[in-house]
Amino acid sequence: MEDYLLNDHNKEEFPPAHTAEHLLNQLMVRMFGCERSRNAHIERKKSKISYILDRKPDRKVEREIERQMNELIEEDLPVTFQFVTRAELDGIIMDAEEGTPDALLSLERLPENASETIRLVRIGDYDVCPCIGKHVRSTSQIGRFEMLGTNWDESTRSFRIRYKIVQ
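One structure accompanies this document, and this report is about it. Just so it is clear, the model here is predicted, and its values are computed rather than measured.

A word on the overall build of the protein chain
And step 1. Regarding its fold elements, the protein chain presents three helices and nine strands.
And step 2. Its helices and strands taken in sequence order, the protein chain reads α-β-β-α-β-α-β-β-β-β-β-β from the N to the C terminus.
And step 3. Going through the 167 residues of the protein chain one by one, you find that 42% of them count as buried.
And step 4. For the protein chain, long-range pairs separated by at least 24 residues make up 68% of all intrachain contacts whose partners lie at least 6 apart in sequence.
And step 5. If you sum the accessible surface of the protein chain, you get close to 9,800 Å²; carbon and sulfur atoms cover 46% of it.

Laid out in structure tokens, this is it:
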């Protein structure tokens with residue numbers, strides 16, 4: 001394998017919860033047509049992640065999020081990495097399921113000082129995202145996704161999910 005010069009990483013994340021964050025981001029994009037979260041705090045004991053939505057999900061939808069997360073985890077999707085240059089990244093299209101819009105990767109969310117080489121993390125054919133964090137090798141290593149609760153802020157349209165990973 002070639003050596004790539006990537007950005008320094010200042011976090012020591014818990015790989016199962018961090019990989020679950022990737023799955024949850026893509027699930028929310030597909031369910032609600034929202035952006036990936038820009039506000040996440042991922043930890044071993046409890047994680048919090050927020051999304052801007054046009055409506056507050058009801059309890060039935062919350063249960064469906066949890067059900068679909070655990071279904072994705074059980075699918076044992078491989079987690080792989082691909083190294084691309086910044087020039088190659090802009091415009092790579094992630095294959096999405098039929099009926100959902102393809103996600104176009106761009107440089108927009110990378111930090112200003114991002115390295116020339118970008119590491120893409122792929123979870124099967126379900127998700128692809130630039131990331132330098134630690135991940136499990138396949139989704140079955142995550143454990144069970146357990147939604148602890150949610151909060152809705154009407155003024156900001158922010159839906160916060162609190163969850164933990166049970167191994």
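Remarks on the environment of Ser140
And step 1. Residue placement: Ser140 occurs in the loop between β7 (127-130) and β8 (144-153).
And step 2. The spacing of Ser140 and Pro16 is 124 residues in sequence and 9.4 Å in space, taken between C-alpha atoms.
And step 3. Dropping the residues within four chain positions of it, Ser140 is found in contact with Ile73 and Asp76.

Overview of helix α1 (residues 15-32)
And step 1. The end-to-end C-alpha distance of α1, which contains 18 residues, comes to 26 Å, matching closely the 26 Å that a straight helix rising 1.5 Å per residue would cover.
And step 2. Burial within α1 is extensive, with 15 of its 18 residues counted as buried.
And step 3. Once α1 ends, the next one or two residues include Gly33, with phi positive near 70°.

Comments concerning the pattern of salt bridges
And step 1. Scanning the entire structure with this criterion turns up nine salt bridges.
And step 2. Ionic pairing is found between Glu71 and Arg67, a salt bridge with its closest N-O pair at 2.7 Å. Separated by four residues within a single helix, Glu71 and Arg67 lie in helix α2 (residues 59-74), roughly one turn from each other.
And step 3. A relative accessible area of 40% places Glu71 in the partly exposed class.
And step 4. Each of Glu64, Arg67 and Glu71 takes part in salt bridges that share partners, so that together they form one network.

Section: the environment of Asp54
And step 1. Along the chain, the position of Asp54 falls in the loop between β2 (47-52) and α2.
And step 2. By relative accessible area, Asp54 is classed as exposed at 54%.
And step 3. Distance from Asp54 to Thr156, taken between C-alpha atoms, is 9.8 Å for residues 102 residues apart in sequence.
And step 4. Polar contacts involving the side chain of Asp54 include one to the side chain of Arg55, which spans 3.3 Å.

Quick notes on α2
And step 1. Given a rise of 1.5 Å per residue, 16 residues ought to cover 22 Å, and the 23 Å separating the end C-alpha atoms of α2 matches this to within 8%.
And step 2. For α2, the set of buried residues is Glu62, Ile65, Met69, Asn70, Leu72 and Ile73. In an axial view of α2, the angular spread of the buried residues amounts to 160°, which keeps them on one side of the axis. Residues of α2 that are exposed and point more than 90 degrees away from the buried face comprise Lys60, Arg63 and Glu74.
And step 3. Here the buried face of α2 lies against α1, β8 and β9 (158-166).
And step 4. Capping of α2 at its N-terminal end is provided by Asp58; its side-chain oxygen lies 3.2 Å from the backbone amide nitrogen of Lys60.

Some thoughts on the pairing of β9
And step 1. With six bridges joining them, β2 and β9 adopt antiparallel strand pairing. The residue bridging Ile52 from the neighbouring strand is Ser158, located in β9.
And step 2. As paired elements, β8 and β9 share nine bridges and run antiparallel to each other. In the strand pairing of β9, Asp153 is matched with Ser158.

What counts and how
Residues numbered from 1 in each chain as written. Predicted model: local features only at pLDDT ≥ 70, side-chain atom pairs only at ≥ 80, totals over all residues. Heavy atoms only, no water. Helix = DSSP H or I, 4+ residues; strand = E, 2+ residues; numbered from the N terminus. Buried < 20%, exposed > 50% of the residue type's maximum accessible area, 1.4 Å probe, protein only. Contact = heavy atoms within 4.5 Å. Areas by Shrake-Rupley, 256 points an atom, 1.4 Å probe, with all protein chains shown as cover. Expected span 1.5 Å × (residues − 1). Salt bridge = Lys/Arg side-chain N within 4 Å of Asp/Glu carboxyl O. Polar contact = N/O pair within 3.5 Å; in protein donor to acceptor, adjacent residues only side chain to side chain. Arc of directions from axis to C-beta. Pairing = 2+ DSSP bridges.

Any link to function would need more than the numbers given here.
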